[in-house]
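Next come the chains, spelled out residue by residue.
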Amino acid sequence: MPSPSAGALDAQGRLVWTGGDVRALLRVPGASDDKRTRGTVAMRTGSDAYPGAAVLGVEAAWRAGAGYVRYIGPRRPADLVLARRPETVVAEPASVSAVHADAWVIGSGTDPALRPPEETAALRHLLAGAVPVVVDAGALDLLPADAPVIATPHEGEFARLRARLGLAPERAEALQDPARRAAAVRETAEALGGTVLLKGATTLVAGPGAAPVIAIDAGTGWLAAAGTGDVLAGVIGALVAADRAAGRGSAPAALAASAAWLHGRAGRLAAHVDGGRPGRPLVALDVAEALPAAIAAALADVADDMHDHRTEEDHA
Ligand SMILES: NC(=O)C1=CN([C@@H]2O[C@H](COP(=O)(O)OP(=O)(O)OC[C@H]3O[C@@H](n4cnc5c(N)ncnc54)[C@H](O)[C@@H]3O)[C@@H](O)[C@H]2O)[C@@H](O)CC1
Ligand SMILES: Nc1ncnc2c1ncn2[C@@H]1O[C@H](COP(=O)(O)OP(=O)(O)O)[C@@H](O)[C@H]1O
């Protein structure tokens, strides 16, 4: 199993994720690989109300190196996914239980209030299985679950997830304190019995257990744009699927942290903030499109140098 960080803890006791940590978890395909050994990601994302989320997540999973991406969803998002990425294999929502995958991504661009009961049952079946599931946005209401899960809330969803798990509410001001924020993420992961990735300017990841909370500070404020979270879910799915297909058994928190790091780096590339420049606006699809360059940079050991060029504004 690839070894994660050598262990640089910051003043809040958080493990600061680096390009070296990402590199240790990435897998470069070789002569013995085929599309299936590189990992199959299945995505039950998107809806008639939010079809774009399906496109963003699928694009991100492909661009993060998945060997196979399956999209399972209604006709309208499925058609848009195919128009954008004809490589994708699509199926009807009813077939969720029959689809093979090394990792699932569920919830981005879906509304639990509009979810048909049979789909809820199929997702619950998935969430009782052994295949890892990235649980985003409109599927967070289905937690907790027995499957290995990586929950990816933003701050609003984090508060609701904590309530579901019977945890005390954390005031928004308290969550501005880095140490309190890390403690809240750890507590939530423990109560979930799974991995929690709390999105933000600094993204935090914790699994259940004693390992330190991971902090990922690789991004840029330009990532604060609708749909970038849908992209992140696809990246996590691709990394988890690749790891499982290769039988590596890396820690889900390390995989989620690496995905967040690549997402942040891709955001910086898309916004042209390297070299101390203030950058420029991006859209979520730009971030997905920059993922291959972010992966190449991580593999080539140049991304850490770029990180040192962050502007003061980025750190604010
Ligand atoms: N192109 C698309 O199809 C897009 C689809 N999206 C999907 O749209 C659905 C709704 O997502 P939204 O997050 O926009 O939900 P909402 O905008 O409905 O927000 C839900 C609640 O969370 C709060 N909230 C949102 N972001 C927050 C943050 N960063 N910190 C604290 N509170 C926050 C809001 O104030 C609100 O109370 C999701 O399924 C999402 O995946 C979005 O990702 C945007 C793009
Ligand atoms: N100020 C910021 N600096 C860096 N990254 C940010 C900032 N604001 C948001 N992000 C990142 O952008 C993404 C937003 O995800 P999310 O809130 O789920 O949006 P959406 O639901 O619209 O996709 C997350 O990956 C988050 O970490």
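What you are looking at is a predicted structure, and each value in this text was computed from that prediction instead of being measured.

Right, let's get into the overall build of the chain. Looking only at helices and strands, the chain features eleven helices and ten strands. For 316 residues, the compact-globule formula gives about 20 Å, and the C-alpha radius of gyration of the chain, at 18 Å, lands near that figure. If one aligns the C-alpha atoms of the chain with their principal axes, the spans along those axes are about 50 × 50 × 40 Å. Buried positions account for 53% of the 316 residues belonging to the chain. Across the chain, the fraction of contacts at a sequence separation of at least 24, relative to all contacts at a separation of at least 6, is 65%. Separation of charge centres in the chain, based on 30 positive and 36 negative side chains, amounts to 3 Å.

In this structure the tally under the stated criterion is zero aromatic pairs. Between Arg265 and the ring centre of Trp261, over which it is positioned, the NZ or CZ distance is 4.6 Å.

Let us now look at the nonpolar core. Residues Trp17, Ile216, Val231, Ile236 and Leu262 are the most contacted members of the largest nonpolar core, which totals 61 residues. Broken down by element, the residue count for this core peaks at twelve residues, all from helix H8 (residues 252-271). With 37 residues, the next largest nonpolar core counts Val99, Ile106, Val135 and Ala147 among its residues.

Bringing the site of ligand 1 into the picture now. Near ligand 1 there are 15 residues, and of these Ala53, Gly109, His154, Gly156 and Asp230 occur at the shortest range. For ligand 1, an oxygen atom lies 2.9 Å from a polar atom in the side chain of His154. A distance of 3.2 Å separates a nitrogen atom of ligand 1 from a polar backbone atom of Gly156. In the complex, the protein chains occlude 51% of the 830 Å² of accessible area that ligand 1 would expose alone. Counting only elements with at least two residues in the shell around ligand 1, the list comes to helix H2 (51-63) and helix H5 (155-164). For the shell around ligand 1, the element with the highest residue contribution is H5, accounting for three residues. Split by residue class, the shell around ligand 1 holds four nonpolar, eight polar and three charged.

Here the focus is unusual backbone geometry. Looking along the chain, the bond that leaves Leu143 and enters Pro144 is cis, with omega of 5 degrees. Positionally, Pro144 belongs in the loop between strand E6 (133-135) and strand E7 (149-151). Within the chain, Ala137 stands out as a residue other than glycine whose phi angle is a positive 35 degrees. Mapped onto the secondary structure, Ala137 falls in the loop between E6 and E7.

The next subject is the UniProt feature "binding site: AMP" (unreviewed entry) in the chain. With numbering aligned to this structure, UniProt lists the feature "binding site: AMP" (unreviewed entry) at Lys199, Gly200, Ala201, Thr202, Thr203 and Gly229. Taken along the chain, the residues just named run across 31 residues; in space they keep tight, none of their C-alpha pairs more than 13.5 Å apart. Here Lys199 shows up in the loop between strand E8 (195-198) and strand E9 (203-206). Given the relative accessible area of 17%, Lys199 is considered buried. Other than its neighbours up to four places away in sequence, Lys199 contacts Asp136, Thr152, Pro153, His154, Arg181, Gly229 and Leu232. In this structure the side chain of Lys199 is engaged in a polar contact, spanning 3.3 Å, whose partner is the side chain of Asp136. Examined against the element boundaries, Thr203 turns out to sit in strand E9.

Within strand E3 (residues 68-72), five of the five residues are buried, which leaves the element mostly enclosed by the surrounding structure. Neither face of E3 is exposed, since Tyr68, Arg70 and Ile72 on one face and Val69 and Tyr71 on the opposite face are all buried. The sheet contact formed by strand E2 (residues 40-44) and E3 spans four bridges and is parallel. Among the inter-strand pairings, Val41 is bridged to a residue of E3, identified as Val69. Following the chain from E2 across H2 to the adjacent parallel E3, one finds a crossover that is right-handed.

Quick look at the site of ligand 2 now. In the vicinity of ligand 2, 16 residues are found, and the nearest of them are Lys199, Gly200, Gly227, Thr228 and Gly229. Between an oxygen atom of ligand 2 and a side-chain N or O atom of Lys199, the distance comes to 2.7 Å. Measuring from an oxygen atom of ligand 2, one finds a backbone N or O atom of Leu223 at 3.2 Å. Here the shell around ligand 2 gets four residues from one element, more than from any other, and that element is helix H7 (residues 228-245). The class makeup of the residues in the shell around ligand 2 is five nonpolar, nine polar and two charged.

Conventions adopted
- Residues numbered from 1 in each chain as written.
- Chains lettered and ligands numbered in written order.
- Predicted model: local features only at pLDDT ≥ 70, side-chain atom pairs only at ≥ 80, totals over all residues.
- Heavy atoms only, no water.
- Helix = DSSP H or I, 4+ residues; strand = E, 2+ residues; numbered from the N terminus.
- Rg over C-alpha atoms; globule rule 2.2 N^0.38 Å.
- Buried < 20%, exposed > 50% of the residue type's maximum accessible area, 1.4 Å probe, protein only.
- Contact = heavy atoms within 4.5 Å.
- Lys, Arg positive; Asp, Glu negative; His and termini not counted.
- Charge placed at Lys NZ, Arg CZ, Asp CG, Glu CD.
- Phe/Tyr/Trp six-rings, centres within 6.5 Å; stacked < 30°, edge-to-face > 60°.
- Lys NZ or Arg CZ within 6 Å of the ring centre and 35° of its normal.
- Core = buried A, V, L, I, M, F, W, Y, C linked by side-chain atoms within 4.5 Å.
- Near = heavy atom within 4 Å.
- Polar contact = N/O pair within 3.5 Å; in protein donor to acceptor, adjacent residues only side chain to side chain.
- Areas by Shrake-Rupley, 256 points an atom, 1.4 Å probe, with all protein chains shown as cover.
- Nonpolar A, V, L, I, M, F, W, Y, C, P; charged D, E, K, R; others polar.
- UniProt positions renumbered as here; feature names shortened; annotations may be inferred.
- Pairing = 2+ DSSP bridges.
- Right-handed = clockwise from strand over helix to strand, strands pointing away.

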